[in-house]
Amino acid sequence: MINLIKKIFNFFFKFEFIRFGFIGFWNTVIDFSVLNFLIFLFQTNNDIYFLIFRGIALIIATTFSFFANKYFTFKNTDKHSFVQGTKFYLITAALVILSNVFFSHFFLNLFNNYLYLEIFNISPDLLNKNLAAFCGLVLTIIARYFLFKYFVFKKK
């Protein structure tokens, strides 16, 4: 049974994009865990504290993501971690801004003008906002993968 699990694990994780998605999943778990831990620990409803907690969670999750993608996803052994880390953080910050400002806004306008869905009593406005955020997320995941692979962790 253990050999079967190892074979399945090795089969799936030989594909780089699957490893990237696996790290993305754990990155999200870490992000939300740290955020909720800080909210629970400090018991505050202050929006400024929430933004500070959000920033702390994002920095911790992004740091995990950098090292996990460097060594596990892209199997990069380059010793220039500071340069790679700088590129990684800049790309991540740019894509977060791009996703939230441009992609989500673009898709929200598109969906609000051309799509009217009402599913499970969810308002069309709420559904469109979530679809827009999801589309922005998908585009940035694809962009991150290729930018990390060919710009941050490129093979020499």
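In case you missed it, the structure is sitting above this.
Conventions and cut-offs
- Residues numbered from 1 in each chain as written.
- Predicted model: local features only at pLDDT ≥ 70, side-chain atom pairs only at ≥ 80, totals over all residues.
- Heavy atoms only, no water.
- Phe/Tyr/Trp six-rings, centres within 6.5 Å; stacked < 30°, edge-to-face > 60°.
- Lys NZ or Arg CZ within 6 Å of the ring centre and 35° of its normal.
- Core = buried A, V, L, I, M, F, W, Y, C linked by side-chain atoms within 4.5 Å.
- Buried < 20%, exposed > 50% of the residue type's maximum accessible area, 1.4 Å probe, protein only.
- Helix = DSSP H or I, 4+ residues; strand = E, 2+ residues; numbered from the N terminus.
- Contact = heavy atoms within 4.5 Å.
- Patch = residues over 30% accessible without salt bridge, like charges linked within 9 Å, V, L, I, M, F, W, Y side chains within 5 Å.
- Areas by Shrake-Rupley, 256 points an atom, 1.4 Å probe, with all protein chains shown as cover.
- Salt bridge = Lys/Arg side-chain N within 4 Å of Asp/Glu carboxyl O.
- Axes fitted to C-alpha atoms, helices over the stretch in contact; angles between N-to-C directions.
- Parallel < 35°, antiparallel > 145°, perpendicular 65-115°, else oblique.
- Left-handed = near helix turned anticlockwise from the far one by under 90°.
- Nonpolar A, V, L, I, M, F, W, Y, C, P; charged D, E, K, R; others polar.

1. Side note on the packing of aromatic side chains
Reasoning step 1: Per the counting criterion, the structure on display carries 20 aromatic pairs.
Reasoning step 2: Ring pairing ties together the aromatic residues Phe17, Phe20, Phe66, Phe67, Phe74, Phe88, Tyr89, Tyr145, Phe146, Phe148, Tyr150 and Phe153, which thus form one cluster.
Reasoning step 3: We note Lys87 situated over the ring of Phe151; from NZ or CZ to the ring centre the distance is 4.6 Å.

2. Section: the nonpolar core
Reasoning step 1: Counting residues in hydrophobic clusters, the biggest one holds 10 residues: Phe20, Phe66, Phe74, Phe88, Ile91, Leu95, Tyr145, Phe148, Val152 and Phe153.
Reasoning step 2: Among the elements of the structure, α4 (81-114) and α5 (124-152) are those that each provide at least two residues to this core.
Reasoning step 3: If near-sequence neighbours (up to four positions away) are discounted, Phe148 is found in contact with Phe20, Phe74, Phe88, Ile91, Thr92, Phe153 and Lys154.

3. Focus: the environment of Ile23
Reasoning step 1: Along the chain, Ile23 falls in helix α2 (residues 16-42).
Reasoning step 2: Note: C-alpha distance between Ile23 and Phe64 (41 residues apart in sequence) is 8.8 Å.
Reasoning step 3: Each residue touching Ile23, except ones within four places of it in the same chain, is listed here: Phe64, Ser65, Ala68, Asn69, Phe72 and Thr73.

4. Thoughts on a nonpolar patch on the surface
Reasoning step 1: On the surface, a nonpolar cluster with roughly 740 Å² of combined accessible area is contributed by Phe17, Phe134, Leu137, Val138, Ile141, Ile142, Phe146 and Tyr150.
Reasoning step 2: Broken down by element, the nonpolar patch gets its largest block of residues, 7 residues, from α5.
Reasoning step 3: Examined against the element boundaries, Leu137 turns out to sit in helix α5.

5. What about the packing of helix α3 (residues 47-73) against α4?
Reasoning step 1: Contact geometry for α3 and α4: axes closest at 11 Å, N-to-C directions at 125 degrees. Classified by the angle their axes make, α3 and α4 are oblique. You can see that α3 and α4 cross each other, and the crossing is right-handed. For the pair α3 and α4, the contacting residues are Ile59, Thr62, Thr63, Ser65, Phe66, Asn69, Lys70 and Tyr71 in the first and Ser81, Gln84, Gly85, Phe88, Tyr89 and Thr92 in the second.
Reasoning step 2: Taken together, the residues of the contact of α3 with α4 sort by class into 5 nonpolar, 8 polar and 1 charged.

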